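So the chains spell out like this:
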Amino acid sequence: MKLARSLGSIGGLTLASRVLALVRDSLQARYVGANFASDAFTIAFRLPNMFRALFAEGAFASAFVPMFNRKMAETGEPSAAFDFAERSLSVLFAILLVLTAVMLAAAWPLTWAMSGGFSRQHPTPDQFAFAVELSRYTIPYLMLISLASLLGGILNSLDKFWVNAAAPILLNIAMVTALVFFNGDPEQTARAQAISIPIGGLLQLGWLALACRGAGVSLRPRLPRLDPEVKRLMKLILPAAAGAGASQINLLISSALAGGLLASGSLSYIYYADRLNQLPLGMIGIGLGTILLPTITRQLSSGRDAEAMETQNRGIELALFLTLPAMVALIVAAEPIVRGLFQYGEFDAVDSRRCAWALAGFSAGLPSYVLVKVLTPGFYARQDMRTPVRFAIISVVVNIIANLVLIPTIGHIGPPLATALASTVNVWMLYRTLVKRGHFHADAQLRRRLPASPSPPC
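Computed from a prediction, not measured in an experiment: that's the story for all the values here. (Residues numbered from 1 in each chain as written. Predicted model: local features only at pLDDT ≥ 70, side-chain atom pairs only at ≥ 80, totals over all residues. Heavy atoms only, no water.)

1. Considering the overall build of the protein
A count of helical and extended segments in the protein gives 19 helices and 0 strands. Of the contacts formed within the protein by residues at least 6 apart in sequence, a portion of 84% connects residues at least 24 apart. When the accessible surface of the protein is totalled, it reaches about 17,800 Å², and 66% of it is carbon and sulfur. (Helix = DSSP H or I, 4+ residues; strand = E, 2+ residues; numbered from the N terminus. Contact = heavy atoms within 4.5 Å. Areas by Shrake-Rupley, 256 points an atom, 1.4 Å probe, with all protein chains shown as cover.)

2. A word on the pattern of salt bridges
Across all of its chains, the model carries 15 salt bridges by this definition. One salt bridge connects Glu86 with Arg222, and the closest N-O pair in it is separated by 2.7 Å. Linking Glu86 in helix α3 (residues 78–105) with Arg222 in the loop between α8 (186–214) and α9 (228–244), this pair joins segments that are 136 residues apart in sequence. Owing to a relative accessible area of 5%, Glu86 belongs among the buried residues under this scheme. Taking the relative accessible area as the measure of exposure, Arg222 reaches 32% and is therefore partly exposed. Residues joined by salt bridges that share partners form a network here, namely Asp83, Glu86, Arg87, Arg220, Arg222, Asp227 and Glu229. (Salt bridge = Lys/Arg side-chain N within 4 Å of Asp/Glu carboxyl O. Buried < 20%, exposed > 50% of the residue type's maximum accessible area, 1.4 Å probe, protein only.)

3. Re the nonpolar core
Core analysis: the largest hydrophobic core is formed by 119 residues, its most contacted members being Phe41, Phe64, Ile316 and Phe440. Those residues in contact with Phe440 that sit more than four places away from it in its chain are Met309, Gln312, Asn313, Ile316, Tyr431, Leu434, Val435 and Leu446. (Core = buried A, V, L, I, M, F, W, Y, C linked by side-chain atoms within 4.5 Å.)

4. Some remarks on the packing of helix α14 (residues 349–363) against helix α18 (residues 414–436)
α18 packs onto α14 with a crossing angle of 5 degrees between their chain directions and a minimal axis gap of 7 Å. Taken as axis vectors, α14 and α18 run roughly parallel relative to one another. Contact with α14, carried on its side by Ala358, Gly361 and Phe362, involves Pro416, Leu417, Thr419 and Ala420 of α18 and no other residues of that element. By residue class, the composition of the contact of α14 with α18 is 5 nonpolar, 2 polar and no charged. (Axes fitted to C-alpha atoms, helices over the stretch in contact; angles between N-to-C directions. Parallel < 35°, antiparallel > 145°, perpendicular 65-115°, else oblique. Nonpolar A, V, L, I, M, F, W, Y, C, P; charged D, E, K, R; others polar.)

5. Considerations on helix α6 (residues 140–157)
Helix length check: α6, at 18 residues, gives a terminal C-alpha distance of 27 Å against a target of 26 Å (1.5 Å per residue), a fit within 8%. Along α6, 17 of the 18 residues are buried, which leaves the element largely enclosed by surrounding structure. Positive backbone phi, at 65 degrees, marks Asp159, one or two positions downstream of α6. (Expected span 1.5 Å × (residues − 1).)

6. A short note on the environment of Val338
Structurally, the position occupied by Val338 is in helix α13 (residues 334–342). A C-alpha to C-alpha distance of 9.2 Å links Val338 and Asp351, two positions 13 residues apart in sequence. If we skip the residues at most four places from it in the chain, Val338 touches Leu276, Gln343, Phe347, Ser352, Cys355, Ala356 and Leu359.

7. Quick notes on the packing of aromatic side chains
Under the counting rule described, the total for this entry stands at 8 aromatic pairs. With a centroid separation of 5.5 Å and 25 degrees between ring planes, the pair formed by Phe41 and Phe45 is classed as stacked. Of the two residues, Phe41 and Phe45 are both situated in helix α2 (residues 36–75); the distance of 4 residues between them amounts to about one turn of the helix. A relative accessible area of 1% places Phe41 in the buried class. Since its relative accessible area comes to 2%, Phe45 is described here as buried. Counting every residue linked through ring pairs, the aromatic cluster contains Phe41, Phe45, Tyr271, Tyr272 and Phe342. (Phe/Tyr/Trp six-rings, centres within 6.5 Å; stacked < 30°, edge-to-face > 60°.)

8. Description of the side chain of Ser135
If you trace the backbone, Ser135 turns up in helix α5 (residues 125–138). Relative accessible area serves as the criterion here: at 3%, Ser135 is assigned to the buried category. Looking at Ser135, its side chain comes within polar contact range of the side chain of Thr111, at 3.0 Å. Excluding residues that lie within four positions of it along the chain, Ser135 makes contacts with Ala44 and Thr111. (Polar contact = N/O pair within 3.5 Å; in protein donor to acceptor, adjacent residues only side chain to side chain.)

9. Some words on α18
With 23 residues, α18 should cover 33 Å at 1.5 Å per step; its first-to-last C-alpha distance of 33 Å lies within 8% of that length. Following α18 by one or two positions, Gly438 has its phi on the positive side, about 80 degrees.

10. Concerning the environment of Gly201
Within the secondary structure layout, Gly201 lies in helix α8. Accessibility expressed as a relative area gives 0% for Gly201, which makes it buried. Taking C-alpha positions, Gly201 is 8.6 Å from Pro140, a pair spaced 61 residues apart along the chain.

11. A few points about a nonpolar patch on the surface
On the surface, a cluster of nonpolar side chains totalling about 370 Å² of accessible area is made up of Ile393, Val397, Ile401 and Val405. Checked against the element boundaries, Val397 lands in helix α17 (residues 386–410). (Patch = residues over 30% accessible without salt bridge, like charges linked within 9 Å, V, L, I, M, F, W, Y side chains within 5 Å.)

12. A short note on the confidence of the model for the protein
A residue-level look at the protein finds 86% of positions with pLDDT of 70 or above and a mean pLDDT of 81. Within the protein, the element-level pLDDT minimum falls on helix α10 (residues 246–261), averaging 66, and the maximum on α8, averaging 92. Taken together, the stretch residues 452–458 has pLDDT below 50 and engages in 11 contacts with residues farther than four places along the chain or on a different chain. (pLDDT = per-residue confidence, 0-100.)

13. A word on the side chain of Asn403
The topology assignment puts Asn403 in helix α17. In this view, Asn403 contacts Ser254, Leu257, Pro408, Gly414, Pro415 and Ala418; residues no more than four positions away in its chain are not counted.

14. Description of the packing of helix α12 (residues 305–332) against α14
The geometry of α12 relative to α14 is characterised by a closest axis approach of 8 Å and an angle of 160 degrees between their N-to-C directions. Classified by the angle their axes make, α12 and α14 are roughly antiparallel. Where α12 crosses over α14, the two elements pack in a sense that is left-handed. Across from Met327, Leu330 and Ile331 in α12, the residues of α14 making contact are Leu359, Ala360 and Ser363. Along the lines of polarity and charge, the residues of the contact of α12 with α14 split into 5 nonpolar, 1 polar and no charged. (Left-handed = near helix turned anticlockwise from the far one by under 90°.)

15. What to know about the environment of Ala167
By the secondary structure assignment, Ala167 is in helix α7 (residues 161–181). Judged by its relative accessible area of 3%, Ala167 is buried. The sequence separation of Ala167 and Leu203 amounts to 36 residues, and the corresponding C-alpha distance is 8.2 Å. Once you skip the residues sitting within four places of it in the chain, Ala167 turns out to touch Gln204, Trp207 and Leu208.

Have a look at this one:
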């Protein structure tokens, strides 16, 4: 019941954010449509979206949160954990500053790599320069959201889940404001959208900084220093991001292949479909992952292994109970949903039909996307980052092969189906490994709801 209540709190705020995101996407479909300007913005927005998923919902949720919670459990004093956070923030800020400068300088090759050069769309030099321009506007968001993620991890560890869950609402407010007040032709509107993204990042960072101060967490600036604990955190961040963000990595690869192999508008169909798929994924998957990691870490650190097992059982149960009906609904009603939300102005009936096909493809993997968020805390709470990374790499290979097979046969429906297949393979590997190691077994309640669950090893 506690898990369900916490999920309800986070899920409600995430729902508000995702509904606002749907309003934003509906306005974008109306003013921009499905054309090169829309595809260019999709690529520019893909990078910050990926970093948000990899860092906000991946690396810091997987690497920083367990270390921060262990610090609190070992010392019994929050001051030691806050000191660790302060040291981590100083090093992280320096790294992100350099990384942002490098990415701004490399915006052209980054845009080319993420879009496959838009080779099937045959962009003019001016069009490609426009896509690079949009990427340069969005790149600073990466630093802002990464810093905000560390502050959000602190608040999650203090059980103030709702504050971090509310932060994405501010990004959507900034983007909706840009669409309502600064729309023009498709290129002008896409440019206004791109500029609004770092503004939204500043609002998120400010909101979380104020919340930390209100919770008694005051992180002072200091010179960066790589002490042993911070070194360990930095070593954990990249594999944690790769393991937790496998679905985002797969989506990025799918977008690059689609941009290189499919016609104009295809990236936009995939983008809008993914945004709809993100509604239940954000409410359920991100919410459960946010709650489970600090909870399981505290339970294992205190020697309460049975409680940790119970928590993960209830997490899987909630995930399946909520995602299976959502999957069926999105597949069956894909076209009416897309038509009702996006078929206005520049976005016509043909666009709606093609986008609905992509949504059905994504939705087939909805339970898998959520179960990845539920299962990976079982590894990260034990500071095992390598296993999820190994499985993530395998799922990426599956995704690439599936894309190369499916795109020539079913076009823009191929990348969503490939992403769903890769995520399902990832879930199967994560689940079987936890069971074989004795770190998870389905209890009587879960087995009644999931008859195919494997028995624990003897």
